[in-house]
Each structure stands twice: as structure tokens, then as C-alpha cells.
Amino acid sequence: MEETLEFRLSGSGGQGLILAGVILAEAAIREGKNAVQAQSYGPEARGGASKAEVIISEGEIDYPKVVLPDVVLAMSQDAADKYAVRVKKGGLLIIDNTYVKNIPATSARVYAFPISRLAREKVGKEMVANIVALGILAGLTGAVSRRTLEEAVLSRIPRGTESLNLKALELGFEMARTFTVKVPA
């Protein structure tokens, strides 16, 4: 059976979740998988709601919209409130507990990480929290390999930020391995 994974990356405008979705889809394509990516913004460019959706499959993708995601990333309280209940039963809900203080009831497995805080403290810039989150997503799901995710990150980020973003990606993989805080569903 060919595996298909649906992702919804959500938060506030300015957190770089659209870019994260593009990078995730590109990494999948680099591995020879099929991928589709869609995005939507709230009315404000910064601060409003933002989400990116990615479907990755070994086979054909029959329907290009996320219906019931296997993985939801919520990097703001609004995103958690809106999307936490819409995760496949037993799927993953990844929370940035820097900004999400109340985790809604869900049938997903919940993992809470201080993504934005650790991006700021350990990498030096909160603006790379999206790349930290990608490392966590890939580390927990195995949807794409570390090598192709690094290649996709390097192909999409501004010149001069390579070491900063690679450090952020490494932090995400490290968090997925060691900093996991599991909250019972």
C-alpha cells in the first residue's frame, strides 16, 4: 500500500509557515515522491491567520486538498483552537507551547515544544522557528529525509542565512529526538 501523508502547518502571518510548506513539498519531490502544496492567509499579511497544507505520497494524489490531516502544526493559539480538533485519530498534533497555552481536546497524539523560544535562545533569531518546526516534523514522521530537507531549505532561504537555517533545522531534529514532551490526548 502506498503511504500518503497530509500536513497542515498553521499559525500567524509572518511565522514563515507558507515557506515551510513549500520547503516540505520540495523535499518530497526531490525524493521522487508526489507532493502538492496549498496555502491561505488571513486578511493581514502579518499577524493574521496563516496555513500551508502539504500532501506527500508515494503514489498518485487523487485529491489536491487536505481533508483530514495526519499532522497538524499549530504555532499560535488561534491555529490550535481552529485546527487541533481536525487531526486524524492517532495522528500528530505538534504545538509551539511558546504561544499555545491551552491545548484543545483532540484524538491526536500531542507533542508540545517551545519552538519559537528555543529558536530565539539557541539559534539567536525567532524568525527561524519555521525551520526548527520542519526539523521536528521530519524527525517525528520520517516523511522526508534529513538530507533532502537540508537541500530544500538551502534552495529556498535568502543568501547569507545558510548557517543560521541549518542550525535551526538541526535544533528541530534534536528536539524531535530528545525534547519531546508528550501530553496525553
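Quick caveat, the model's predicted, so the values are computed rather than measured.

S.K.: Is there a simple way to think about the overall build of the chain in this case?
M.R.: Counting its secondary structure elements, the chain contains six helices and seven strands. Counting helices and strands in the order they occur from the N terminus, the chain gives β-α-β-β-β-α-β-β-α-α-α-α-β. With respect to the principal axes defined by its C-alpha atoms, the chain has extents near 40 × 35 × 35 Å. Within the chain, the proportion of its 185 residues that are buried is 52%. For the chain, the share of sequence-separated contacts (at least 6 apart) that also reach a separation of at least 24 residues comes to 58%. Entry remark: accessible area of the chain is about 8800 Å², with carbon and sulfur atoms responsible for 51%. One way to put it: in the chain the 23 positive side-chain charges average out to a point 5 Å from where the 21 negative ones average out.

S.K.: Please clarify how the packing of aromatic side chains should be interpreted in this entry.
M.R.: Aromatic ring pairs: the centre-centre distance and the angle between the two ring planes describe each pair. Per the stated rule, a full pass over the model turns up zero aromatic pairs. Against the face of F173 rests R146, its NZ or CZ located 4.6 Å from the ring centre.

S.K.: Just checking my understanding: could you explain the packing of helix α1 (residues 17-30) against helix α5 (residues 146-156) for this structure?
M.R.: Each pair of packed helices can be described by the angle between their axes along with the distance between the axes. Put simply, α1 and α5 touch, their axes get as near as 8 Å, and they point 130° apart. Taken as axis vectors, α1 and α5 run oblique relative to one another. α5 is crossed by α1, and the crossing has right-handed handedness. Residues L19, V22, I23, E26, A27 and R30 of α1 pack against T148, L149, E151, A152, V153, S155 and R156 of α5. Here the contact of α1 with α5 is composed, by residue class, of seven nonpolar, two polar and four charged.

S.K.: Would you mind going over the nonpolar core with me for this structure?
M.R.: If you look at soluble globular proteins, the nonpolar side chains tend to sit buried side by side. In terms of nonpolar packing, the biggest core is built from 47 residues, with F7, I56, I115, L134 and L149 touching the most fellow members. Apart from the residues within four sequence positions on either side, F7 is in contact with L24, A52, E53, V54, I56, V66, V71, L137, T141 and A143. A74, Y83, I95 and V110 belong to the second-largest nonpolar core, a separate cluster that totals 13 residues.

S.K.: Hey, could you run me through a nonpolar patch on the surface in this one?
M.R.: Residues Y63, V67 and L68 make up a contiguous nonpolar surface patch of roughly 310 Å² in combined accessible area. Relative to the helices and strands, Y63 resides in the loop between β3 (49-57) and β4 (71-74).

S.K.: How should I be thinking about the pairing of strand β1 (residues 4-12) in this particular structure?
M.R.: As a general feature of sheets, a regular strand has side chains that alternate between the two faces. The buried count for β1 comes to seven of nine residues, which makes it a mostly enclosed element. As paired elements, β1 and β4 share four bridges and run parallel to each other. For F7, the partnering residue across the bridge sits in β4 and is V71.

S.K.: I tried to follow the confidence of the model for the chain on my own but got confused; where do I start?
M.R.: Low pLDDT marks regions whose predicted coordinates should not be analysed in detail. For the chain, per-residue confidence averages 91 on the pLDDT scale, and 91% of positions sit at 70 or higher. By mean pLDDT, strand β7 (residues 181-183) is the weakest element of the chain at 48, and α5 is the strongest at 98.

S.K.: I would appreciate a short explanation of the pairing of strand β5 (residues 92-96) in the present structure.
M.R.: Of all five residues in β5, five are buried; the element is thus mostly enclosed. Neither face of β5 is exposed, since L92, I94 and D96 on one face and L93 and I95 on the opposite face are all buried. Of the strand pairs in this sheet, β4 and β5 are connected by four bridges, and their pairing is parallel. Its bridge partner being in β5, L73 is matched across the sheet by I94. Assessed by its sense of winding, the connection that carries the chain from β4 through helix α2 (residues 77-83) to β5 is right-handed. Two strands pair when backbone bridges link them, and β5 and strand β6 (residues 109-113) are joined in this way by five bridges, in the parallel orientation.

Parameters at a glance
Residues numbered from 1 in each chain as written. Predicted model: local features only at pLDDT ≥ 70, side-chain atom pairs only at ≥ 80, totals over all residues. Heavy atoms only, no water. Helix = DSSP H or I, 4+ residues; strand = E, 2+ residues; numbered from the N terminus. Buried < 20%, exposed > 50% of the residue type's maximum accessible area, 1.4 Å probe, protein only. Contact = heavy atoms within 4.5 Å. Areas by Shrake-Rupley, 256 points an atom, 1.4 Å probe, with all protein chains shown as cover. Lys, Arg positive; Asp, Glu negative; His and termini not counted. Charge placed at Lys NZ, Arg CZ, Asp CG, Glu CD. Phe/Tyr/Trp six-rings, centres within 6.5 Å; stacked < 30°, edge-to-face > 60°. Lys NZ or Arg CZ within 6 Å of the ring centre and 35° of its normal. Axes fitted to C-alpha atoms, helices over the stretch in contact; angles between N-to-C directions. Parallel < 35°, antiparallel > 145°, perpendicular 65-115°, else oblique. Left-handed = near helix turned anticlockwise from the far one by under 90°. Nonpolar A, V, L, I, M, F, W, Y, C, P; charged D, E, K, R; others polar. Core = buried A, V, L, I, M, F, W, Y, C linked by side-chain atoms within 4.5 Å. Patch = residues over 30% accessible without salt bridge, like charges linked within 9 Å, V, L, I, M, F, W, Y side chains within 5 Å. Salt bridge = Lys/Arg side-chain N within 4 Å of Asp/Glu carboxyl O. Pairing = 2+ DSSP bridges. pLDDT = per-residue confidence, 0-100. Right-handed = clockwise from strand over helix to strand, strands pointing away.

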